[in-house]
Amino acid sequence: AEHVPGLVRIADMKVRWMGHRLHADLAIEVDSALTVTEANRIAAAYERELFEHIAPLAAANVRFDTTGNQDPGVWPAHQHHHTAH
């Protein structure tokens, strides 16, 4: 996520295995001053990053939140973990 400009944090993430492939549903937080078009570009850029870095990923649904009302939980954009595949 830290490689995607404009992505503030990952607000919610659900990832599940379906057979040997991963399916992900994510909500990202972006600046509320952005247009819908700009927020969609950030979501699409993050989706591309996911597919580039997670080989078994088969599907990703990335949506954005500009309200800041998500759970203030963890996953700021600058925290990430790389695993060897």
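Residues numbered from 1 in each chain as written. Predicted model: local features only at pLDDT ≥ 70, side-chain atom pairs only at ≥ 80, totals over all residues. Heavy atoms only, no water.

A.B. asks: In this structure, what is going on with helix α1 (residues 36-53)? I would like to understand it.
C.D. replies: Within an α-helix, residues lying three or four positions from one another point in the same direction, as the helix has 3.6 residues per turn. Taking 1.5 Å of rise per residue, the 18 residues of α1 would be expected to cover 26 Å, and the 26 Å separating its terminal C-alpha atoms lies within 8% of that figure. The complete set of buried residues in α1 reads Ala39, Ile42, Ala43, Ala45, Tyr46 and Leu50. Viewed along the axis of α1, the buried residues span an arc of 160°, placing them on a single side of the element. Facing away from the buried side of α1 by more than 90 degrees, the exposed set consists of Arg41, Arg48 and Glu52. (Helix = DSSP H or I, 4+ residues; strand = E, 2+ residues; numbered from the N terminus. Expected span 1.5 Å × (residues − 1). Buried < 20%, exposed > 50% of the residue type's maximum accessible area, 1.4 Å probe, protein only. Arc of directions from axis to C-beta.)

A.B. asks: Even after reading the chapter, I still don't get the confidence of the model for the chain, so can you show me in this structure?
C.D. replies: When pLDDT drops low, the exact placement of atoms in the prediction is not to be read closely. With 78% of its residues at a pLDDT of at least 70, the chain reaches an overall mean of 84. The low-confidence segment residues 78-85, where pLDDT is below 50, has 4 contacts with residues more than four positions distant or belonging to other chains. (pLDDT = per-residue confidence, 0-100. Contact = heavy atoms within 4.5 Å.)

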